[in-house]
Amino acid sequence: YEWSVGITNSNEPEGIIDSSVENVWHPCGQIDNAIYTLPRGNILNDNQVYSFFVRVWYDSNTFADFKSDGVTVMSKPLTTTKVFGVGVMEHLPDNWKKDIDYMLRGGLFTVSWHGIFLKASTVIEKFHVYLSTNP
């Protein structure tokens, strides 16, 4: 295996590694993970999507390149509304209460965050909802 990093929209890894200073592709043998640390003073661009690229060698002449879906750099958190009462809220299904703080073991509940993240549709492609006892 070999790995690299670059701009997601490119078919080849480019936009991060300076090929005049460093090899674009890094060999890793059979290791199946990698970490890339930017050189001191280099930064990634806001709202740019970056991917990891993996080159798989099948024999000394045959390889295939793959890349991750990518991550978008956001140096500032997503803007949220400051309207009182708007936030991530737990609800009992079909109940009049707007927010619940306690539920019965095995009870159903739903979660909503309508209107809290401003311009979310332009910067969030997908999200995951988690239930936890810690923040």
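Up top is the structure.
Parameters and conventions
Residues numbered from 1 in each chain as written. Predicted model: local features only at pLDDT ≥ 70, side-chain atom pairs only at ≥ 80, totals over all residues. Heavy atoms only, no water. Phe/Tyr/Trp six-rings, centres within 6.5 Å; stacked < 30°, edge-to-face > 60°. Helix = DSSP H or I, 4+ residues; strand = E, 2+ residues; numbered from the N terminus. Buried < 20%, exposed > 50% of the residue type's maximum accessible area, 1.4 Å probe, protein only. 1 Å grid on protein atoms, 1.4 Å probe; cavity = no way out; pocket = protein on both sides within 12 Å on 5 of 7 lines; lining within 4 Å. Points joined across faces, edges and corners; volume = space filled by probe spheres on them. Nonpolar A, V, L, I, M, F, W, Y, C, P; charged D, E, K, R; others polar. Salt bridge = Lys/Arg side-chain N within 4 Å of Asp/Glu carboxyl O. Pairing = 2+ DSSP bridges. Polar contact = N/O pair within 3.5 Å; in protein donor to acceptor, adjacent residues only side chain to side chain. Contact = heavy atoms within 4.5 Å.

What follows is about the packing of aromatic side chains. Aromatic rings considered in pairs are described by the distance between their centres and by the relative angle of their planes. What the rule picks out here adds up to three aromatic pairs. Considering the side-chain rings of W3 and Y36, the 6.1 Å spacing of their centres and the 65° angle between planes classify their relative orientation as edge-to-face. With W3 in strand β1 (residues 2-7) and Y36 in the loop between β2 (26-27) and β3 (49-59), this residue pair connects regions lying 33 residues apart in the sequence. Residue classification places W3 among the buried positions, given a relative accessible area of 11%. Both rings, one in W3 and one in F52, keep their centres 5.6 Å apart while their planes meet at 40°; by these two values the pair is tilted. Residue W3 is found in strand β1, and its partner F52 is found in strand β3; the two are separated by 49 residues along the sequence. In textbook terms, an aromatic cluster arises when at least three aromatic residues are bridged by ring pairs, as seen for W3, Y36 and F52.

Here the largest pocket defines a volume of roughly 300 Å³. Surrounding the largest pocket, V49, D69, G70, V71, T72, M74, L78, V123, I124, E125 and K126 form its lining. For the lining of the largest pocket, the class distribution of residues is six nonpolar, two polar and three charged.

So, on to the pattern of salt bridges. Applying the stated criterion to the full structure yields one salt bridge. Residue R55 is joined to D65 by a salt bridge in which the shortest nitrogen-to-oxygen separation is 2.7 Å. Here R55 is found in strand β3, whereas its partner D65 is found in strand β4 (residues 62-67), with 10 residues between them in sequence. Taking relative accessible area as the criterion, D65 reaches 28% and is therefore assigned partly exposed.

As a further point, take the pairing of β1. Taking burial as the measure, the six residues of β1 include five buried ones, the bulk of the element. Pairing geometry for β1 and β3, over six bridges, is antiparallel. Of the residues in β3, the one forming a bridge with G6 is S51.

Let us look at the side chain of R55. Taking the relative accessible area as the measure of exposure, R55 reaches 11% and is therefore buried. Among the polar contacts made by the side chain of R55, one reaches the side chain of D65 at a distance of 2.7 Å. Beyond its immediate sequence surroundings of up to four residues, R55 is in contact with Y1, E2, E12, W25, F63, A64 and D65.

Our focus in this paragraph is the environment of I43. Mapped onto the fold, I43 is located in the loop between β2 and β3. Between the alpha carbons of I43 and P93 there is a distance of 45 Å; along the sequence they are 50 residues apart.

This brings us to unusual backbone geometry. Here N47, not a glycine, exhibits a phi torsion of approximately 65°, which is positive. Considering the arrangement of structural elements, one finds N47 in the loop between β2 and β3.

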